[in-house]
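# Secondary and tertiary structure notes
The lines below spell out each chain.
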Amino acid sequence: AVRALERAVLVDPSCGEARSNLGVLYAEAGLREEALEEFRRAVAIDPGGSEAHFNLGWALLAEDELEQAEATLLESVRLDPGNVESLYALALLHQRTGNYSRAVADLKQAIERRPDEARLHYYLGVAYNSQEAVDQAILARETAARLRPDDSRVHRLLGVAYDKKELPARARESYRRAAALSG
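The following paragraphs examine the structure supplied in this document. Bear in mind the structure is a predicted one, so any value in this text is a computation, not a measurement.

### Let's talk about the pattern of salt bridges
Throughout the structure, instances matching the rule amount to 16 salt bridges. D64 is the salt-bridge partner of R96, the closest N and O atoms lying 2.6 Å from each other. One end of the pair, R96, is in helix 6 (residues 84–96); the other, D64, is in the loop between helix 4 (50–62) and helix 5 (66–79), with 32 residues separating them in the sequence. Notably, a salt bridge pairs D151 with R153, separated by 3.5 Å at the nearest N-O pair. Assessed through its relative accessible area of 32%, R153 is described here as partly exposed.

### Some remarks on unusual backbone geometry
With the exception of glycine, most residues fall at negative phi, and the peptide bonds are largely trans. Of note, E132 is a non-glycine position whose phi angle comes to about 65°, a positive value. One can find E132 in the loop between helix 8 (118–130) and helix 9 (134–147). Non-glycine residue E166 carries a positive phi angle of around 60°. Residue placement: E166 occurs in the loop between helix 10 (152–164) and helix 11 (168–182).

### Describing the side chain of D151
Mapped onto the elements of the fold, D151 is located in the loop between helix 9 and helix 10. With relative accessibility at 11%, the residue D151 sits in the buried group. In terms of polar contacts, D151 uses its side chain to reach the backbone amide nitrogen of R153, at 3.1 Å.

### Quick notes on the nonpolar core
Across soluble globular proteins, you tend to see nonpolar side chains buried next to one another. In terms of nonpolar packing, the biggest core is built from 38 residues, with L56, L107, L120, L124 and Y128 touching the most fellow members. With seven residues, the single largest contributor to this core is helix 6. Other than its neighbours up to four places away in sequence, Y128 contacts V104, K108, A133, Q136 and A137.

### As for the packing of aromatic side chains
On inspection of all chains with the given rule, the structure shows four aromatic pairs. With 6.2 Å between their ring centres and 20° between their planes, W58 and Y88 make a pair best called stacked. Here the residue W58 occupies a position in helix 4, and Y88 occupies one in helix 6, the gap between them amounting to 30 residues. In this structure W58 comes out as partly exposed when scored by relative accessible area, which is 37%. Judged by its relative accessible area of 9%, Y88 falls in the buried class. With a centroid separation of 4.9 Å and 90° between ring planes, the pair formed by Y122 and Y123 is classed as edge-to-face. An aromatic cluster is defined as three or more aromatic residues linked by ring pairs; in this entry it consists of F54, W58, Y88, Y122 and Y123. The ring of Y88 carries the charged tip of R119 above its face, separated from the ring centre by 4.1 Å.

### With respect to the packing of helix 6 against helix 7 (residues 100–113)
The contact between helix 6 and helix 7 brings their axes to 8 Å, and the two run at 160°. By the angle between their directions, the pair helix 6 and helix 7 is classed as roughly antiparallel. Considering the relative orientation of helix 6 and helix 7, their crossing is left-handed. Contact with helix 6, carried on its side by V84, L87, Y88, L90, A91, H94 and Q95, involves Y100, R102, A103, D106, L107, Q109, A110 and R113 of helix 7 and no other residues of that element. Grouping the amino acids of the contact of helix 6 with helix 7 by side-chain chemistry returns nine nonpolar, three polar and three charged.

What counts and how
Residues numbered from 1 in each chain as written. Predicted model: local features only at pLDDT ≥ 70, side-chain atom pairs only at ≥ 80, totals over all residues. Heavy atoms only, no water. Salt bridge = Lys/Arg side-chain N within 4 Å of Asp/Glu carboxyl O. Helix = DSSP H or I, 4+ residues; strand = E, 2+ residues; numbered from the N terminus. Buried < 20%, exposed > 50% of the residue type's maximum accessible area, 1.4 Å probe, protein only. Polar contact = N/O pair within 3.5 Å; in protein donor to acceptor, adjacent residues only side chain to side chain. Core = buried A, V, L, I, M, F, W, Y, C linked by side-chain atoms within 4.5 Å. Contact = heavy atoms within 4.5 Å. Phe/Tyr/Trp six-rings, centres within 6.5 Å; stacked < 30°, edge-to-face > 60°. Lys NZ or Arg CZ within 6 Å of the ring centre and 35° of its normal. Axes fitted to C-alpha atoms, helices over the stretch in contact; angles between N-to-C directions. Parallel < 35°, antiparallel > 145°, perpendicular 65-115°, else oblique. Left-handed = near helix turned anticlockwise from the far one by under 90°. Nonpolar A, V, L, I, M, F, W, Y, C, P; charged D, E, K, R; others polar.

Okay, structure coming up:
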């Protein structure tokens, strides 16, 4: 697949989508510098493309280039306010930088578009937990557990939230469920 996309880029170097797809393949192969270069080229070719900005922003986030990642991901959301992946990446970035209220806002916006996506509720619980908003963390994690009943880490962290709220029976049940699922 990499060789085919490399050939496609040689045939039409101005195809932003091919460059972006090649960048994804490079990133999956661990070729970070090559991936970043292709994502940058894709954005230069198609500055109005939300997906190209997302790919570059995600790669910059992985490289801990947080200011550039944030600017690029914000541009992706500006171009396509419904880009859930960019909102999710922004939430992770804001969580990493300690801006928990922004992480919560990003995740809420993403959940409006994809209410049945468990990972969004899971990370919303993480962000609320970071703010010591235990009740909201519990609600978010309960939703994640309902959406992904087979995910042991959701049940484990739900148990932690129940412990913080001093609900030992619920905590024990969540820990038991997590243990049963993990092994």
